[in-house]
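# Structural description and commentary
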There are 4 protein chains.
Amino acid sequence: MLTGELVLLKTSHRDKVREFIVKVSDDQLHTDFGIIELSSLADKVPGDTVVSHKGQEFTIQRPKMPDFFRHAKRTGAPMMPKDIGMIIAYTGLNKNDVVLDAGTGSGILTMYLGSIAKRVVTYEVRDDFVGVARKNVENAGLDNVELRCGDIVEEIKNLDEKFDVITLDTQNSKDVIPHVRNVLYPGGFLATYSPFFEQTKEIRDAIEAANFYEVMTFECSEREISFSSRGTRPSTSKVGHTGFITIARA
Amino acid sequence: MLTGELVLLKTSHRDKVREFIVKVSDDQLHTDFGIIELSSLADKVPGDTVVSHKGQEFTIQRPKMPDFFRHAKRTGAPMMPKDIGMIIAYTGLNKNDVVLDAGTGSGILTMYLGSIAKRVVTYEVRDDFVGVARKNVENAGLDNVELRCGDIVEEIKNLDEKFDVITLDTQNSKDVIPHVRNVLYPGGFLATYSPFFEQTKEIRDAIEAANFYEVMTFECSEREISFSSRGTRPSTSKVGHTGFITIARA
Amino acid sequence: MLTGELVLLKTSHRDKVREFIVKVSDDQLHTDFGIIELSSLADKVPGDTVVSHKGQEFTIQRPKMPDFFRHAKRTGAPMMPKDIGMIIAYTGLNKNDVVLDAGTGSGILTMYLGSIAKRVVTYEVRDDFVGVARKNVENAGLDNVELRCGDIVEEIKNLDEKFDVITLDTQNSKDVIPHVRNVLYPGGFLATYSPFFEQTKEIRDAIEAANFYEVMTFECSEREISFSSRGTRPSTSKVGHTGFITIARA
Amino acid sequence: MLTGELVLLKTSHRDKVREFIVKVSDDQLHTDFGIIELSSLADKVPGDTVVSHKGQEFTIQRPKMPDFFRHAKRTGAPMMPKDIGMIIAYTGLNKNDVVLDAGTGSGILTMYLGSIAKRVVTYEVRDDFVGVARKNVENAGLDNVELRCGDIVEEIKNLDEKFDVITLDTQNSKDVIPHVRNVLYPGGFLATYSPFFEQTKEIRDAIEAANFYEVMTFECSEREISFSSRGTRPSTSKVGHTGFITIARA
């Protein structure tokens, strides 16, 4: 692993798995299972192990987005992977894209966007949320995400950059939409997320007024299948509604 | 636009939209609406227009994955964006990942993977499918996808490379799974796609025998919401079942 | 079978099943497969057969609601069995209940209600629909259904009878609801059916203003599972949204 | 109300509703809110009130199936109203039908069947469950339900009666199915309920071997819609999978 690289250290104790995401450096990691010299990770590769001063063995992995998702600090209900996946697939997000995102919240969607796109600019109106998101984005080792504190409804008017994809998860998305075409490349995608029908209807009305095309609103449900010795069946418990995703194209 | 870059030319005629994906070059594009000198695209940017020798105006866009998806040649029912999105989100696919994929089919999933990942190696047992996939991948301008003709059940035994993510959409995925850990980094993700319960049960049995963790099988349904002057409601028509996605971690 | 009783005659010809619903009487049934004397059914029981003058054999059954449903004449999209089932179960409809129903439409829901309840009074504003519904109800052999032509919004004000269950499938259900408690026994059930969200929201607002309790709105989806030699899976095609059902109690 | 008739007495205390289902008789009902002479109900009609000796007022209603469902004693997870509704609608259950049911369990489905059909014969192999079901059926005031303790797999061979509808909610339904045609009228319906895929597949195989027609397996999901001042949306929590319903016709 390289200096500065993120490493996931994983160990199990009494059938319970414990994980730590650390940076290769001259620091130490202090755990209940002993101290690890992080400089000792430098000559390791994923799959190797490292041992604490108390003799506890940790396996070395590269942390992945689902790890960052699990470890992220949250300011509210984050967008779920299923909805994030839909936005990525329907906007065709790829490594050449520059993305405009708002509101950041705790930065969960932002992190996924940043792990794929070339660059992400994200706006959040609440200062404290920006702080949480900044921590999450840094912890995920992303250096291509620019967090800005400000109201996207106002800020979008002053942007002099164009984007490939714009993602909105704000209460007033409908007020942002009239300005979207000015900063979205022709053929670029707008994706909005909205929990309620009324809100989604307003978004659709704003999109219609702004003359987008390939407009589509949908809801994604994910249904777990359970396998046991008794048999196979759809899970008896499940995640319910999260939000509606609307996709539109400039 | 740069020479060799892909450009989407879009025009409308009698309320019908026509699209062409072309490469900036010294060639000509011949259309029903006249000829366009593709070299003339070199000094344009997205949003600009170009005019054919018959005077028809075309707007210039960067083509996106949904465009490539729509224009791709198909050998069978391709994996749908909803399922592709789930695989991307649940494996946390990102631009640093090296992916092993099989079976390629017409290469739809492969294209999405290639547009995000650092590199994709994909196996397809049928020679004719490899040809179709190669065309689709080239048309999408991807140069990080390596298409190989061969049976993954055999080929996986001879691979001396490790991968971050492995995606399997083959009839015999269950026979591939015992070999997956040898070529998957610890913490890396396996994602399988299988239309039937019986097949999915076999995959789960193979995964259990191979000692993966964070195992989860689910089905993703996408439900369109229709907005009209009559009112808002879930769409009365809809896409039904496609396949089950199983995620497991080495 | 008794004189006047309904009988389903079923035969198959070249792998195609043909059915006829007839009444035991002195009439004849003329079919492509010959003539049957309906008086000859009088000494038969379900499971017996009868032979046409051309020698074609017909098996004798008692027709059931699903048969009447399939044979009913339709004026529009009828309510589907899944939604009818939900209304029956959630109102606890039983043979002692007297039901008020509107708008009748082609009488599909009315037929199901009539086959279970003691008595059904149903209102339909369109004269031609009443005619279709009357035919369907008669064909189903129901003599406990009273079809009335009139606007339920007005007619409900003049009713001097009380009901156990009230079912509304009308565009202006919200205008009927303020009058429902006057004709519904305490503890009785109101069930409304409405395709759109906006309409359903209005119904909920009217219900709230009218001070009902045990209020619940839901949507019922039915998903077919297909079994074949290739394997088992949820059907790839399916019926989408039909309508929202709201249940409330006086 | 007539002597012997069931009455639901409802009162509220500190915003909490309390309900009692009683029989009109010479007995007394003792409650935390005082004593009620049940003979005093004889000259009342639904909607009237009765006052306890402590002055607490109770409103009088006719109890309905949803009330009996809520008050029933349970031996396990009962069949849910949504699934009961599907069975009623797809079998076209009506007041002329004679039904064979197994296994009774706590008798929830049996109660619904009994409230609609002419007569229900139900088998349960566990003696203690028969006791619970008997209590529930009696409490629901049903006198057309015959509860029998016995193993339906054996008992069905000795039945010399024919039925219009047969409902099976047993672990060994597949072993009952070969005998169903002997006791089901031609055109009659078989409905089975099975939580798991494997079980459902066995049922389908048995049905295919027994040469039924109009065979269909489905799953019914009910999705609640929530209305609040914040907006309208599908409920964020929901009931997951219960069981698969298979309908087949003799």
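An unreviewed UniProt entry annotates chain A as tRNA (Adenine-N1)-methyltransferase originating from Methanolobus mangrovi.

## As for the packing of aromatic side chains
Under the criterion given, the structure shown has 18 aromatic pairs over all chains. Ring geometry for B:Phe197 versus B:Phe244: centroids 4.6 Å apart, planes at 40°, classification tilted. Pair noted here: B:Phe197 is in helix 7 (residues 197-209) and B:Phe244 is in strand 14 (residues 244-249), with a separation of 47 residues, a long-range link. Cluster of aromatic residues (ring-pair linked, three or more members): A:Phe197, A:Phe244, C:Phe197 and C:Phe244.

## Focus on the confidence of the model for chain A
Model confidence for chain A is summarised by a mean pLDDT of 94, while 99% of its residues fall at 70 or above. For this predicted complex, the interface confidence comes out at an ipTM of 0.93, alongside a pTM of 0.92.

## Considering the domain arrangement of chain A
Residues and elements named next belong to chain A. Split into domains, chain A comes out as domain 1 (6-61) and domain 2 (67-249). Distance between the C-alpha centres of domain 1 and domain 2: 34 Å. Counting residues at the interface gives four residues for domain 1 and seven residues for domain 2. Between domain 1 and domain 2, roughly 420 Å² of surface is buried when both sides are summed, and carbon and sulfur atoms account for 63% of that area. When residues of domain 1 are sorted by the area they lose upon contact with domain 2, Leu6, Glu19 and Ile21 head the list and together hold 85% of the total. Our count for the domain 1 to domain 2 interface comes out at one salt bridge. Residue Arg70 pairs with Glu19 through a salt bridge whose shortest N-O separation is 3.0 Å. Seen at the junction of domain 1 and domain 2, the total is two residue pairs in polar contact (both at pLDDT 80 or more). Where the side of domain 1 that touches domain 2 is concerned, the elements lending two or more residues are strand 1 (6-13) and strand 2 (16-23). Grouping the amino acids of the side of domain 1 that touches domain 2 by side-chain chemistry returns three nonpolar, no polar and one charged.

## Examining the relation of the copies chain D and chain C
In screw terms, the move from chain D to chain C is a rotation of 180° and a rise of 0.0 Å along the axis, fitting with an RMSD of 0.0 Å. Both copies are brought into coincidence by an operation consistent with a two-fold rotation axis. When each C-alpha of chain D is compared by its distance to the rotation axis, D:Gly85 comes out closest, at 2.0 Å. The share of interface residues of chain D whose copies in chain C are also at the interface is 100%, consistent with both copies meeting through the same surface.

## A closer look at helix 4 (residues 127-139) of chain B
Residue and element names in this part refer to chain B. The first and last C-alpha atoms of helix 4 sit 19 Å apart over 13 residues, in line with the 18 Å expected at 1.5 Å per residue. For helix 4, the set of buried residues is Phe129, Val130, Val132, Ala133, Asn136 and Val137. Buried positions in helix 4, seen along its axis, are confined to an arc of 165° and lie on one side of it. Pointing more than 90 degrees away from the buried face of helix 4 are the exposed residues Asp127 and Lys135. The positive-phi residue at the C-terminal boundary of helix 4 is Gly141, with phi of around 70°.

Rules behind the numbers
Residues numbered from 1 in each chain as written. Chains lettered and ligands numbered in written order. Predicted model: local features only at pLDDT ≥ 70, side-chain atom pairs only at ≥ 80, totals over all residues. Heavy atoms only, no water. Phe/Tyr/Trp six-rings, centres within 6.5 Å; stacked < 30°, edge-to-face > 60°. Helix = DSSP H or I, 4+ residues; strand = E, 2+ residues; numbered from the N terminus. pLDDT = per-residue confidence, 0-100. Domains from an automatic or database assignment. Contact = heavy atoms within 4.5 Å. Buried area = accessible area lost by both parts, 1.4 Å probe. Salt bridge = Lys/Arg side-chain N within 4 Å of Asp/Glu carboxyl O. Polar contact = N/O pair within 3.5 Å; in protein donor to acceptor, adjacent residues only side chain to side chain. Nonpolar A, V, L, I, M, F, W, Y, C, P; charged D, E, K, R; others polar. Least-squares fit on C-alpha atoms with pLDDT ≥ 70 in both. Expected span 1.5 Å × (residues − 1). Buried < 20%, exposed > 50% of the residue type's maximum accessible area, 1.4 Å probe, protein only. Arc of directions from axis to C-beta.

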